[in-house]
Amino acid sequence: MPGKSDYWENRLLDHILGAVASTAPATIYVGLVTTLPNDASTSGALTPGVEVTGGAYARVAVTNNATNWPAAAAGAKANGTAITFPAPTANWGVIVGFFLSDVASGAGNIFYFGAITPNKTVNNGDPAPSFAIGDLDISED
């Protein structure tokens with residue numbers, strides 16, 4: 001089950017309990033990690049060594065709309081379109097998870113993160129890693 005960052009937990013609580021306005025980002029950036037973060041490590045930029053770097057890696061921009069993120073059902077939501085990363089031009093290592101952010105790179109805010117099972121080793125020349133429609137799952141409990 002995916003986790004929520006401390007940033008996102010606090011923002012949701014303030015929105016619901018306190019009526020603090022919260023605007024959804026126009027774009028969600030999907031990233032990959034070689035070390036799974038935790039709630040506290042996702043407040044702002046991920047700590048060094050967590051997110052994949054180099055070899056043409058880049059977070060994937062996904063327009064935040066109902067086509068790309070269809071309506072939630074039973075406390076869960078999944079991607080409505082494929083999310084495809086650039087093809088690796090160097091070894092990315094063992095990918096153990098993903099995260100959703102509000103910025104294309106560097107510091108920003110992480111919303112959700114979760115494990116990829118099974119882990120996936122991504123090497124130079126491999127096909128571009130991707131999440132097929134419905135494969136990136138986010139749930140609330």
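Check the entry above for the structure.
We now turn to the structure provided with this report.

1. Section: the overall build of the protein chain
What the protein chain contains, in helices and strands, is one helix and nine strands. Along its sequence from the N terminus, the protein chain presents helices and strands in the succession β-α-β-β-β-β-β-β-β-β. Taken against the 2.2 N^0.38 rule, which gives 14 Å for 141 residues, the C-alpha radius of gyration of the protein chain at 15 Å falls within 12% of a compact globule. Overall, the protein chain is about 50 × 30 × 25 Å in size when its C-alpha atoms are taken along their principal axes. Nonlocal contacts in the protein chain, meaning residues at least 24 apart in sequence, comprise 74% of its contacts between residues at least 6 apart. Carbon and sulfur atoms make up 57% of the accessible area of the protein chain, which amounts to about 7200 Å² in all. Where the 5 positive side-chain charges of the protein chain centre and where its 11 negative ones centre are 5 Å apart.

2. Brief notes about the environment of A132
Relative to the helices and strands, A132 is located in the loop between β8 (130–131) and β9 (137–139). Given the relative accessible area of 38%, A132 is considered partly exposed. For the pair formed by A132 and I83, sequence separation is 49 residues and the distance between their alpha carbons is 6.7 Å.

3. Things to note about the pairing of strand β2 (residues 27–33)
Summarising burial for β2: six of the seven residues are buried, a large majority. Pairing between β2 and strand β6 (residues 93–101): five bridges, direction antiparallel. By the bridge assignment for β6, V30 is matched with L100.

4. Brief notes about a nonpolar patch on the surface
Together, L13, I16 and L17 line one region of the surface with nonpolar side chains, adding up to about 350 Å² of accessible area. Residue position: L13 is located in helix α1 (residues 6–16).

5. A look at the nonpolar core
Ranked by size, the top nonpolar core spans 28 residues in total, and within it L32, I83, F85, L100, F131 and L136 carry the most contacts. Those elements that provide at least two residues to this core are β2, β3 (60–63), β6 and β7 (110–122). Top contributing element to this core by residue count: β7, with six residues. When neighbours within four sequence positions are excluded, L100 is seen to be in contact with I28, Y29, V30, W69, N109, I110, F111, Y112, L136 and I138.

6. Some thoughts on the packing of aromatic side chains
Taken as a whole and judged by the stated rule, the model has four aromatic pairs. Measuring from ring centre to ring centre gives 5.4 Å for Y57 and W92, while their planes differ by 90 degrees; the resulting arrangement is edge-to-face. In this pair, Y57 sits in the loop between β2 and β3 while W92 sits in the loop between β5 (83–84) and β6, placing the two residues 35 residues apart along the sequence. For the pair Y57 and W92, a shared accessibility class is recorded, and that class is buried.

Criteria and cut-off values
- Residues numbered from 1 in each chain as written.
- Predicted model: local features only at pLDDT ≥ 70, side-chain atom pairs only at ≥ 80, totals over all residues.
- Heavy atoms only, no water.
- Helix = DSSP H or I, 4+ residues; strand = E, 2+ residues; numbered from the N terminus.
- Rg over C-alpha atoms; globule rule 2.2 N^0.38 Å.
- Contact = heavy atoms within 4.5 Å.
- Areas by Shrake-Rupley, 256 points an atom, 1.4 Å probe, with all protein chains shown as cover.
- Lys, Arg positive; Asp, Glu negative; His and termini not counted.
- Charge placed at Lys NZ, Arg CZ, Asp CG, Glu CD.
- Buried < 20%, exposed > 50% of the residue type's maximum accessible area, 1.4 Å probe, protein only.
- Pairing = 2+ DSSP bridges.
- Patch = residues over 30% accessible without salt bridge, like charges linked within 9 Å, V, L, I, M, F, W, Y side chains within 5 Å.
- Salt bridge = Lys/Arg side-chain N within 4 Å of Asp/Glu carboxyl O.
- Core = buried A, V, L, I, M, F, W, Y, C linked by side-chain atoms within 4.5 Å.
- Phe/Tyr/Trp six-rings, centres within 6.5 Å; stacked < 30°, edge-to-face > 60°.

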